[in-house]
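Fold and geometry: a report
Here is how the chains run, residue by residue.
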Amino acid sequence: YRLNPVLRKACKADIPKFCQGILNNAKDDNELEGQVISCLKLKYADQRLSPDCEGQISVILQESALDYRLDPQLQLQCTDE
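The chain is annotated in an unreviewed UniProt entry as Golgi apparatus protein 1 from Cirrhinus mrigala.

This is how it looks when you write it as structure tokens:
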């Protein structure tokens, strides 16, 4: 999420609200490997995100449906398949 400024801005309130545990466990030099986006996707499914953040997560879901490699968590699990 750090490389997506539009997502960071749209979800600036939602990320600390729903995904603070992931941020607390991350080191500054550690990649989060899509964990924050995965967290937001779960909250999207629960319809708990702000409208701006929901729109951005919707776009990410649509893009990842076209190519699994755009989702780091899915790519990690499905590389061999």
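Here the narrative resumes.
With that settled, consider the packing of helix H2 (residues 14-25) against helix H3 (residues 35-45). Look at H2 against H3: their axes get within 9 Å of each other, and the N-to-C directions meet at 130°. Looking at the two axes, H2 sits oblique to H3. By crossing handedness, the relation of H2 to H3 is classed as right-handed. Of the residues in H3, those in contact with Asp14, Ile15, Phe18, Cys19, Ile22 and Leu23 of H2 are Gln35, Val36, Cys39, Leu40 and Lys43. In terms of residue class, the contact of H2 with H3 is built from eight nonpolar, one polar and two charged.

Attention now goes to unusual backbone geometry. Positive phi is not limited to glycine here, since glutamine 47 has a value of about 55°. Looking at the element boundaries, glutamine 47 is found in the loop between H3 and helix H4 (51-66). The exposure class of glutamine 47 is exposed, given its relative accessible area of 67%.

Residues Leu7, Cys11, Leu40, Leu49, Cys53 and Ile57 are the most contacted members of the largest nonpolar core, which totals 15 residues. The set of elements that each furnish at least two residues to this core consists of helix H1 (5-10), H2, H3 and H4. Considering each element in turn, this core owes the most residues, four residues, to H3. If near-sequence neighbours (up to four positions away) are discounted, leucine 40 is found in contact with Cys11, Asp14, Ile15, Cys19, Leu49, Cys53 and Ile57.

Taking 1.5 Å per residue, 16 residues should reach 22 Å; H4 reaches 23 Å between its end C-alpha atoms and fits that length. Buried within H4 are the following residues: Cys53, Ile57, Ser58, Ile60 and Ser64. Within H4, the buried residues cover an arc of 165° as seen down the axis, which keeps them to one side. In H4, those exposed residues whose orientation departs by more than 90 degrees from the buried face are Pro51, Asp52, Gln62, Ala65 and Leu66. Packed against the buried residues of H4 are H1, H2 and H3.

Turning next to the state of the cysteines. Taken as a whole and judged by the stated rule, the model has two disulfides. The disulfide partner of cysteine 11 is cysteine 53, and the S-S distance across this bridge is 2.0 Å. Torsion about the S-S bond of the cysteine 11 and cysteine 53 cystine: about 95°, corresponding to right-handed handedness. With cysteine 11 in the loop between H1 and H2 and cysteine 53 in helix H4, the pair connects residues that are 42 residues apart, well separated along the chain. Shown here is the disulfide that connects cysteine 19 with cysteine 39, its sulfur atoms set 2.1 Å apart.

The rules behind these values
Residues numbered from 1 in each chain as written. Predicted model: local features only at pLDDT ≥ 70, side-chain atom pairs only at ≥ 80, totals over all residues. Heavy atoms only, no water. Axes fitted to C-alpha atoms, helices over the stretch in contact; angles between N-to-C directions. Helix = DSSP H or I, 4+ residues; strand = E, 2+ residues; numbered from the N terminus. Parallel < 35°, antiparallel > 145°, perpendicular 65-115°, else oblique. Left-handed = near helix turned anticlockwise from the far one by under 90°. Contact = heavy atoms within 4.5 Å. Nonpolar A, V, L, I, M, F, W, Y, C, P; charged D, E, K, R; others polar. Buried < 20%, exposed > 50% of the residue type's maximum accessible area, 1.4 Å probe, protein only. Core = buried A, V, L, I, M, F, W, Y, C linked by side-chain atoms within 4.5 Å. Expected span 1.5 Å × (residues − 1). Arc of directions from axis to C-beta. Disulfide = S-S within 2.5 Å.

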